[in-house]
Amino acid sequence: MSLEKVSVNKAFDGQLIKYKFKSAALGGLDANFNLFLPGNAPEGNKVPLLTYLAGLTCTEDNGAQKGHFLGPASKEGIAILFPDTSPRGAGIEGETDSWDFGVGAGFYVNATHPKWSKHYNMLTHVTLELPQVLEEAGLPIDFKRQSIFGHSMGGHGALTLYLSSVLQGVKQYRSVSAFAPISNPVNCPWGQKAFSGYLQGGVEEAKDKYDATELIKKLGKEPVHILVDYGTADNFYKQGQLLPENFLKAARDSGYDEVQVRVRAQEGYDHSYYFISTFGEDHVHFHANFLKA
């Protein structure tokens, strides 16, 4: 799995590097990702890694270009990994028919439906393959210090990957945060569509693995570090796609207080990167508390 360097841009005294490689998890397709390395990394320091998962229709570029994460990450000495949101070029019938399923909409699951299972394995791609590829390339990253965050579909991905790792005792990530996450996907149209397509067992199969609201009920008060922000003027929130109140209720009912699970309604903000960039620095600082502990 040799990495090909596609481009390098200096930013905030660090480097934003785009890489390409042949992904086994995605069925042998080329996969792109961006990696921000802070200025202190080339000095032989291994730096902690924060992974950002983007939302529907996005690529590895949206968060890197518009999230307002790089400056704060550089100051904190944290690397940020920006994966893509799905495999590309699989050529599966129907994968480009809609914006909320297929290309640009991998939902951070491992597909079990035979039509999709060869290529649509974003869970393995993000949690196992990309860290392995970075480590094999000798990049200066300390994989014992990882955290994860994301937006919308990526917020769903971040929450579920974090909660699953806690539940399994792996604890790959020290903390998680999310902007306008799809918090209870088994009960919203986006999630139901994705799970019915990618998973052999549909929504029922997803309940155990891919729904943050369901997962947090199972933790038995295992310590967590979770921050969620959503905007009250977010149309997708108003349409019932995000359901952050369901997640918050499940967390409180499970005994988690404001310190461990913080869900903030931000007055007047929408679903866009204007909202994300407003609170991006806040989220990077939140993770720095745990990544640098």
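Look above for the structure.
Residues numbered from 1 in each chain as written. Predicted model: local features only at pLDDT ≥ 70, side-chain atom pairs only at ≥ 80, totals over all residues. Heavy atoms only, no water.

**Thoughts on the overall build of the protein chain**
Here's step 1: Within the protein chain, the secondary structure is distributed over 10 helices and 9 strands.
Here's step 2: The C-alpha atoms of the protein chain give a radius of gyration of 18 Å, which matches the 19 Å a tight globule of 293 residues would have.
Here's step 3: The C-alpha extent of the protein chain, read off along each of the three principal axes, is 45 × 45 × 35 Å.
Here's step 4: When the 293 residues of the protein chain are sorted by exposure, 59% land in the buried category. (Helix = DSSP H or I, 4+ residues; strand = E, 2+ residues; numbered from the N terminus. Rg over C-alpha atoms; globule rule 2.2 N^0.38 Å. Buried < 20%, exposed > 50% of the residue type's maximum accessible area, 1.4 Å probe, protein only.)

**Details of the pairing of strand β5 (residues 79-83)**
Here's step 1: Among the 5 residues that make up β5, 5 are buried, leaving the element largely enclosed by the rest of the structure.
Here's step 2: Every second residue of β5 is oriented toward a common face, with Ala 79, Leu 81 and Pro 83 on one face and Ile 80 and Phe 82 on the other, all of them buried.
Here's step 3: Pairing of strand β3 (residues 29-37) with β5 involves 4 bridges; the strand directions are antiparallel. Of the residues in β5, the one forming a bridge with Phe 33 is Pro 83.
Here's step 4: Two elements, strand β4 (residues 47-53) and β5, share 3 bridges in a ladder whose sense is parallel. The residue bridging Thr 51 from the neighbouring strand is Leu 81, located in β5. (Pairing = 2+ DSSP bridges.)

**So, the packing of helix α5 (residues 189-198) against helix α6 (residues 202-209)**
Here's step 1: Where α5 meets α6, the axes come as close as 8 Å, and the angle between the chain directions of the two elements is 105°. Here α6 runs roughly perpendicular to α5, going by the angle between their axes. Between α5 and α6, the contacting residues are Gln 192, Phe 195 and Ser 196 on the first element and Gly 202, Val 203 and Ala 206 on the second.
Here's step 2: Residues that form the contact of α5 with α6 fall into these classes: 3 nonpolar, 3 polar and no charged. (Axes fitted to C-alpha atoms, helices over the stretch in contact; angles between N-to-C directions. Parallel < 35°, antiparallel > 145°, perpendicular 65-115°, else oblique. Contact = heavy atoms within 4.5 Å. Nonpolar A, V, L, I, M, F, W, Y, C, P; charged D, E, K, R; others polar.)

**A short note on the pairing of strand β7 (residues 176-179)**
Here's step 1: Here β7 shows two buried faces, one formed by Val 176 and Ala 178 and the other by Ser 177 and Phe 179.
Here's step 2: With 4 bridges connecting them, strand β6 (residues 141-151) and β7 associate as parallel partners. Opposite Ile 148, over in β7, you have Val 176 as the bridge partner.
Here's step 3: The parallel pair β6 and β7, bridged by helix α4 (residues 153-167), forms a crossover whose chirality is right-handed. (Right-handed = clockwise from strand over helix to strand, strands pointing away.)

**Quick notes on the state of the cysteines**
Here's step 1: All chains considered together, the criterion is met by 0 disulfides.
Here's step 2: Note on Cys 58: no disulfide assigned, nearest cysteine sulfur contributed by Cys 188 at a separation of 17 Å. (Disulfide = S-S within 2.5 Å.)

**Remarks on unusual backbone geometry**
Here's step 1: The residue Ser 152 is not glycine, and still its phi comes out positive at about 60°.
Here's step 2: The residue Ser 152 is located in the loop between β6 and α4 in this model.
Here's step 3: Despite not being glycine, Ala 180 shows a phi value in the positive range, around 45°.
Here's step 4: Here Ala 180 is to be found in the loop between β7 and α5.

**Focus on the sheet that holds β4**
Here's step 1: Taken in spatial order, the 9 strands make up an open sheet running β1-β2-β3-β5-β4-β6-β7-β8-β9, and their pairing is mixed. Strand pairing shows two members of the sheet lacking a second neighbour, β1 (4-11) and β9 (261-266), which therefore form its edges. Each strand axis lies, on average, 20° off the axis of its neighbour in the sheet, ignoring direction.
Here's step 2: Packing of helix α3 (residues 122-136) onto the sheet brings it into contact with β2 (14-23), β3, β4, β5 and β6, and relative to β2 it is tilted by some 110°.
Here's step 3: Running at roughly 150° to β9, helix α9 (residues 244-253) makes contact with β8 (226-231) and β9 of the sheet.

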